[in-house]
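# Results of the structural survey
One-letter residues, chain by chain:
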Amino acid sequence: MGFVSNHQARDSELPNYRKKILSSIETDLLNDDNVMALFYGGSIGNENTDEYSDIDLRVVVKPEKIKEYVVNKRNRAQEWGNVLYFEEVNPLSVYTVAHYDCFIKVDTFYYIPSDIHPSLWLQNIKIIKDTDKMMAKILDNSMLLTYELSLDGLELWRTKFFAHFHEAYRRVMRKEYFYAMKCIDNLRLSIIAGWYMEIGVQPNTFGDWARYEGERSNLEEWQQSLLKSWDCRRDPVEILNVMKCIAHEFKKVHHSLCYKLNIDENPEWLAKIINMVI
């Protein structure tokens, strides 16, 4: 028998709880003259929400009001529902993460107009309020952007992979297996980023697993299966065997990306780095 949650009844109501909080947010902010724009990112912006989707809220306020809104960010969030706890602790940060007693989470960022620029990350947003059509223009210009593989991007990607690869070995030798497994997780993320770069899709910010698995992923079935096969316990032999498998795929992706950029992949240099630990 597979896993069965003890919270199925609650979870089935999460979309309704989310709608209620969204209604509270919009009733509040749509009637606030200091709020110049209001939009959602994440799964709401992408229109692919499920039961467990968060609310990624973005609020653009008048420049002279930003300090007031940042100082008051927690009080504001408490007006939208019953907050169990806040994730962040810095009172001067422009964001807050509120966890509500209905199991809905709201990530809120406060901006001023000069903070917002066309971006690949702003291609999938849902605009709720836009007093001077600023966000409509930003969205139009964002839709004209495409991801382009660059030499700097490749260099950052592969050197980070090398660093996590070597660190995994060091931690195995120290018997710090949890740390080694964290490195393995970062190696998986590096491979996914490489796969995304191959198909011309902007990878997530490193460390973010959102939409890499499941139906919303851009990965092929064979890629998701390969990721699953890179599983290991707190065992040095298993960890090093997984590292060998990941290194094999890394070489293939590295070759492909170098070909796209028309640069020498330098296989001898690559082999020297990889073979230092396996």
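Okay, so let's go over this structure. Since we're looking at a predicted model, the values are computed, not measured.

## Things to note about the nonpolar core
Ranked by internal contacts, the top residues of the largest apolar core, which has 39 residues, are W157, F161, F165, W195, I239, M243 and I246. Sorting the residues of this core by element identifies α7 (151–173), α8 (177–198), α10 (236–261) and α11 (267–274) as the ones contributing at least two each. Here the element with the most residues in this core is α8; it accounts for 12 residues. Of all hydrophobic cores here, the second largest spans 26 residues; its members include L57, V70, A77 and I104.

## Let's talk about the pairing of strand β2 (residues 55–61)
Within β2, 7 of the 7 residues are buried, which leaves the element mostly enclosed by the surrounding structure. Both faces of β2 are covered, namely the face carrying I55, L57, V59 and V61 and the face carrying D56, R58 and V60. With 5 bridges connecting them, strand β1 (residues 35–40) and β2 associate as antiparallel partners. Bridging from a neighbouring strand, V35 pairs with V61 of β2. Direction of pairing for β2 relative to strand β5 (residues 105–111): parallel, over a ladder of 6 bridges. Each residue of the ladder has a partner; that of D56, found in β5, is D107.

## Some details on the packing of α7 against α8
Running from N to C, α7 and α8 cross one another at 160°; their axes reach a closest spacing of 8 Å. Classified by the interaxial angle, the pair formed by α7 and α8 is roughly antiparallel. Helix-helix and strand crossings are classified by hand; for α7 and α8 the assignment is left-handed. Of α8, the residues touching α7 (which contributes W157, F161, H164, F165, E167, A168, R171 and V172) are Y177, Y179, A180, C183, N186, L187, S190, I191, A193, G194 and M197. Classifying every residue of the contact of α7 with α8 gives 13 nonpolar, 4 polar and 2 charged.

## Comments concerning unusual backbone geometry
Trans peptide bonds make up the majority, and among non-glycine residues the majority have a negative phi. The phi dihedral of E47 is positive, around 60°, even though this residue is not glycine. In this fold, E47 is placed in the loop between α3 (42–46) and β2. Given the relative accessible area of 70%, E47 is considered exposed. Located in the positive-phi region is R211, a residue other than glycine, with phi close to 65°. The topology assignment puts R211 in the loop between α8 and α9 (221–229).

## A word on the layout of surface pockets
Its boundaries defined by the atoms lining it, the largest pocket holds a volume of some 1300 Å³. Around the largest pocket, the lining comprises 39 residues; the ones closest to its centre are G42, N46, W121, N204 and R211. Contributing elements (two or more residues each) for the lining of the largest pocket: α3, β2 and β5. Per-element tally for the lining of the largest pocket: the top contributor is α3, with 3 residues.

## What to know about the environment of Y95
The residue Y95 is located in strand β4 (residues 95–100) in this model. Y95 sits 17 residues away from Q78 along the chain, and the two C-alpha atoms are 14 Å apart. Look past the residues within four positions of Y95 in its chain and what remains in contact with it is K73, E88, T108 and F109.

Calculation rules
Residues numbered from 1 in each chain as written. Predicted model: local features only at pLDDT ≥ 70, side-chain atom pairs only at ≥ 80, totals over all residues. Heavy atoms only, no water. Core = buried A, V, L, I, M, F, W, Y, C linked by side-chain atoms within 4.5 Å. Buried < 20%, exposed > 50% of the residue type's maximum accessible area, 1.4 Å probe, protein only. Helix = DSSP H or I, 4+ residues; strand = E, 2+ residues; numbered from the N terminus. Pairing = 2+ DSSP bridges. Axes fitted to C-alpha atoms, helices over the stretch in contact; angles between N-to-C directions. Parallel < 35°, antiparallel > 145°, perpendicular 65-115°, else oblique. Left-handed = near helix turned anticlockwise from the far one by under 90°. Contact = heavy atoms within 4.5 Å. Nonpolar A, V, L, I, M, F, W, Y, C, P; charged D, E, K, R; others polar. 1 Å grid on protein atoms, 1.4 Å probe; cavity = no way out; pocket = protein on both sides within 12 Å on 5 of 7 lines; lining within 4 Å. Points joined across faces, edges and corners; volume = space filled by probe spheres on them.

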